[in-house]
Amino acid sequence: MATFLYKLGRLSFRRRHLVALIWVALLTLAGVGAASAPAAGNSSFSIPGTEAQKAFDLLEQRFPGTSADGATARVVFKAPDGEKMTDPGNRATVQDTVKELSDGSEVVRVTDPYRAKAVSKDGTIAYAQVSYKVSGMELDDAAKDALENSAQDARKAGLTVEIGGDALQAVPHTGSSEVIGIAVAAVVLVITFGSLVAAGLPLLTALIGVGIGVSAITGLASALDLGTTTSTLAMMIGLAVGIDYALFIVSRYRAELAEGREREEAAGRAVGTAGSAVVFAGLTVVIALVGLSVVNIPMLTKMGVAAAGTVAIAVLIALTMVPALLGHAGRKVKPMGEKGKLLGRAKKPATPQKPNLGTRWASFVVRRPVAVLLLGVIGLGAAAVPATSLELGLPDDGSQPTSTTQRRAYDLLSEGFGPGFNGPLMVVVDAKDSDDPKAVFAETGDEIKGLKDVVTITPAQPNKVGDTATITVIPGSKPSSVTTENLVHGIRDAGADIKADTDANVLVTGSTAMNIDVSEKLNDALVPYLVLVVGLAFLLLIVVFRSILVPLKAALGFLLSVMAALGAVVAVFQWGWLSDLMGVEQTGPVMSMMPIFMVGVVFGLAMDYEVFLVTRMREAYVHGEKPAQAVVTGFRHGARVVTAAAVIMMAVFAGFIGSSESMVKMIGFGLAIAVFFDAFIVRMAVVPAVLALLGRRAWWLPRWLDRALPNVDVEGEGLRTRTDRGDENRELVRA
């Protein structure tokens, strides 16, 4: 592989004009496609195989035209102090609002609070429910504007009016902090390279790669039902890995120049060595992201595949466009040790330079491996302690900032009707195979009434045929509580008994039941996902490092960092530590897909640093150095660059903490803190300590396996032999 990439790097350097033109053309085509494609909103949310999804599908069949998955809005009214919603003036205002809402072309029905008995016991709060034909992502702007305008008219009459439900889905924004993250990355690159040109190359290539990836996602969003979160994730990961991959290529190029090689040769060797690490690091990220499809949640699969595509583009750009731009830059990119005009030229020292910080740190770890290992493991273990209190759920209006009308409507409904009113359960009774459907409907209602935490239930509402009915159940607890989860399971257990007696199916659905099913599905998929992703990456790393213990150590180190990162997420978003600093207005359960998502993404990113750092150690060991000295050599060449890469990746991820979308905010924080733990504690402390303790055993591989594995030559041994032969031939010609 090293030889192939070496040739690719030299070809890209020589044909730099053509290579740059191809990538710019691809960016232009993707941009035109995105601009001309129809806009798409948030992705539809379906969970194949869950009971809640089966109930939705049944409703579509048995209650045609009711739009079971259509958007809903709850317009909540509160009377001024000293007044009631039943007062004639307030009643007239509400009825005018209901009439105004009913005129919408996409509206199926609007409930009158006074006919539906949707007025609180104290008479101060009432609500009207609006049901639409289409889902929230398909609802046009005119319908949303009409909803907001009707509320504004009622406010002018003196009522407090807020709107909840999924009809008002706002497109998330990341704010200025995303730009700050890129600015921090630029500063780190300038400090690392000491040159604006060298620092600008990784930024430029990363932005081009992200531009192509996000534009492609935007262009395909409508056709493939990709939501806004999909492109946000692709941008987040694409920026981080794009900058890092280019950083490693440029750094190796400067190191090759410092050894006296010509620029084209240096570009070829940089792509042949660092590029090999980029390929395998990118493969681990792609495996982890594509592996999310095993969960069988379409939205998560689409997010993973789209992000994986952006990572693949970043790898291709690092291997081709980076050497092409290095050719364009010429002598403006200085050899390692020389600084540009920005920081001043470095004079060649008269005496040998003192060891750099990476060398000094690695030497310390090699001398004190046990102490460093224990300190690192204990520290990460302490950070992981909050993860033992992890509670999972999906965000609802109760997790929205208090500044939003959705959250204020949620609070008003809790105040007037109880906390469980925001998470009603819909029970679907399929009595098609029963002898007496009406009796089954009545029996089901009686069974549910006897369950704990049920406040009220509505009478069964049968369809026209009379073989299926819906029953609405109002719990006594809030939607995200364990008590409500127990109630859902209690209804399902009661339904199993009814099924045995009457052959009727009792299914529980609604947003609350769907959230519970999603959480359970994700929990069940976590272990198979870990086995698949870690197993494939473990095999890949055996090929890269030609070792058993090094990949095993890499996987165990990843588990430490991801558990510590989950602990930090729980501490901030569930316990509320540093919540003001992070802009977390409402604490609550951690998003149910967060653990499996972090496992996938963090594993891929963790293997990036493992590959980049340890391949340098492997290279030194293969070239004859002792194991301890190889660790120090790896740090001498790689620690500065890996540190810069980690800081850049943390800055990019942290930039998304400013997002208005709670899921994006949590992902940004979780990935940033995970990179910190993995890069600076696991890879910089635990890894060299373990390698120092293992010595030569770290690089042991059974002979039969060594013969069976393909030789990918990540260390570039073939390039060294090739260059040595070339040097000998040149000497013979001169002679």
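Residues numbered from 1 in each chain as written. Predicted model: local features only at pLDDT ≥ 70, side-chain atom pairs only at ≥ 80, totals over all residues. Heavy atoms only, no water.

Structural notes on the overall build of the protein chain
Here's step 1: Looking only at helices and strands, one finds 23 helices and eleven strands in the protein chain.
Here's step 2: The proportion of buried residues among the 735 residues of the protein chain is 55%.
Here's step 3: For the protein chain, contacts bridging at least 24 residues in sequence account for 79% of all contacts bridging at least 6.
Here's step 4: Looking at the protein chain as shown, the accessible area adds up to about 31500 Å², and 59% of this sits on carbon and sulfur atoms. (Helix = DSSP H or I, 4+ residues; strand = E, 2+ residues; numbered from the N terminus. Buried < 20%, exposed > 50% of the residue type's maximum accessible area, 1.4 Å probe, protein only. Contact = heavy atoms within 4.5 Å. Areas by Shrake-Rupley, 256 points an atom, 1.4 Å probe, with all protein chains shown as cover.)

Considering helix H16 (residues 511-545)
Here's step 1: Compared with an ideal rise of 1.5 Å per residue, which puts 35 residues at 51 Å, H16 spans 48 Å between its outermost C-alpha atoms and is within 8% of the ideal.
Here's step 2: The largest bend in H16 is about 35°, located at leucine 526, with the proline proline 528 one to four residues further on.
Here's step 3: Of the residues trailing H16, arginine 546 is marked for its positive phi of about 50°. (Expected span 1.5 Å × (residues − 1). Bend = angle between axes of the 7 residues up to and from the residue.)

As for the packing of aromatic side chains
Here's step 1: Summed over all chains, the structure comprises nine aromatic pairs.
Here's step 2: Plain terms: the ring middles of tyrosine 127 and phenylalanine 417 are 5.4 Å apart, the flat faces sit at 90° to each other, and that makes the pair edge-to-face. Pair noted here: tyrosine 127 is in strand S3 (residues 125-132) and phenylalanine 417 is in helix H13 (residues 405-417), with a separation of 290 residues, a long-range link.
Here's step 3: Between tryptophan 575 and tryptophan 577, the ring centres sit 5.3 Å apart and the planes meet at 65°, which makes this aromatic pair edge-to-face.
Here's step 4: Members of the aromatic cluster, connected to one another through ring pairs, are Tyr127, Phe417 and Phe421. (Phe/Tyr/Trp six-rings, centres within 6.5 Å; stacked < 30°, edge-to-face > 60°.)

Concerning the sheet that holds strand S2 (residues 107-110)
The strands making up a sheet are joined through hydrogen bonds of the backbone, oriented either antiparallel or parallel.
Here's step 1: With antiparallel pairing, four strands are arranged side by side in an open sheet as S2-S3-S1-S4. Because the sheet does not close on itself, it has two edges, and the strands there are S2 and strand S4 (160-165). Between one strand axis and the next, the sheet turns through 20° on average, direction left out of account.
Here's step 2: By the bridge criterion, six bridges tie strand S1 (residues 72-78) to S4 in an arrangement that is antiparallel. Residue pairing across strands places arginine 74 opposite glycine 164, the latter belonging to S4.
Here's step 3: Relative to the sheet, H13 contacts S1, S3 and S4, its axis offset from that of S4 by approximately 100°. (Pairing = 2+ DSSP bridges. Axes fitted to C-alpha atoms, helices over the stretch in contact; angles between N-to-C directions.)

Here's the deal with the confidence of the model for the protein chain
Here's step 1: Across the protein chain, the average pLDDT comes to 83, with 89% of residues at 70 or higher.
Here's step 2: Taking the mean pLDDT of every element in the protein chain, the minimum, 50, falls on helix H23 (residues 717-734) and the maximum, 94, on helix H12 (residues 369-384).
Here's step 3: Every residue in residues 345-351 scores below 50 in pLDDT, and together they form seven contacts with partners more than four places removed in sequence or on other chains.
Here's step 4: Note that residues 725-735 has pLDDT below 50 and, in this model, zero contacts with residues that lie over four places away or in other chains. (pLDDT = per-residue confidence, 0-100.)

Comments concerning the packing of helix H20 (residues 627-654) against helix H21 (residues 662-694)
Here's step 1: Orientation of H20 relative to H21, taken along the N-to-C sense of each, is 170°, at an axis distance of 8 Å. Accordingly, the angle class assigned to the pair H20 and H21 is roughly antiparallel. Two secondary-structure elements touch here, H20 through Val631, Phe635, Ala639, Val642, Thr643, Ala646, Val647, Met649, Met650, Phe653 and Ala654 and H21 through Gly668, Leu671, Ala672, Val675, Phe676, Ala679, Phe680, Arg683, Met684, Pro688 and Leu691.
Here's step 2: Classifying every residue of the contact of H20 with H21 gives 19 nonpolar, two polar and one charged. (Parallel < 35°, antiparallel > 145°, perpendicular 65-115°, else oblique. Nonpolar A, V, L, I, M, F, W, Y, C, P; charged D, E, K, R; others polar.)

What about helix H3 (residues 51-62)?
Here's step 1: With twelve residues, H3 ought to run about 16 Å at 1.5 Å a step, and its terminal C-alpha atoms sit 16 Å apart, in line with that.
Here's step 2: Buried within H3 we find Ala52, Gln53, Ala55, Phe56, Leu58, Leu59 and Arg62.
Here's step 3: In this fold, the buried residues of H3 make contact with strand S6 (425-430), strand S9 (468-475), helix H15 (482-502), strand S10 (505-509) and H16.

As for the side chain of threonine 320
Here's step 1: With respect to the element layout, threonine 320 can be found in helix H10 (residues 298-329).
Here's step 2: By relative accessible area, threonine 320 is classed as buried at 15%.
Here's step 3: Of the polar contacts made by the side chain of threonine 320, one reaches the side chain of tryptophan 23; its length is 3.0 Å.
Here's step 4: One polar contact links the side chain of threonine 320 to the main-chain carbonyl oxygen of leucine 316, over a distance of 2.6 Å.
Here's step 5: Discounting residues that sit within four places of it in the chain, threonine 320 has contacts with Leu8, Ser12, Val19 and Trp23. (Polar contact = N/O pair within 3.5 Å; in protein donor to acceptor, adjacent residues only side chain to side chain.)

Let's talk about the pattern of salt bridges
Opposite charge on two side chains permits them to pair, given that their charged atoms come into close proximity.
Here's step 1: Tallied over the full model, the rule gives 18 salt bridges.
Here's step 2: Glutamate 264 is the partner of arginine 10 in a salt bridge, and the nearest nitrogen-oxygen pair spans 3.0 Å. Taken together, the residues arginine 10 in helix H1 (residues 2-14) and glutamate 264 in helix H9 (residues 263-290) connect sequence positions 254 residues apart.
Here's step 3: The shortest N-O distance in the salt bridge between glutamate 51 and arginine 492 comes to 3.0 Å. Here glutamate 51 is found in helix H3, whereas its partner arginine 492 is found in helix H15, with 441 residues between them in sequence. (Salt bridge = Lys/Arg side-chain N within 4 Å of Asp/Glu carboxyl O.)

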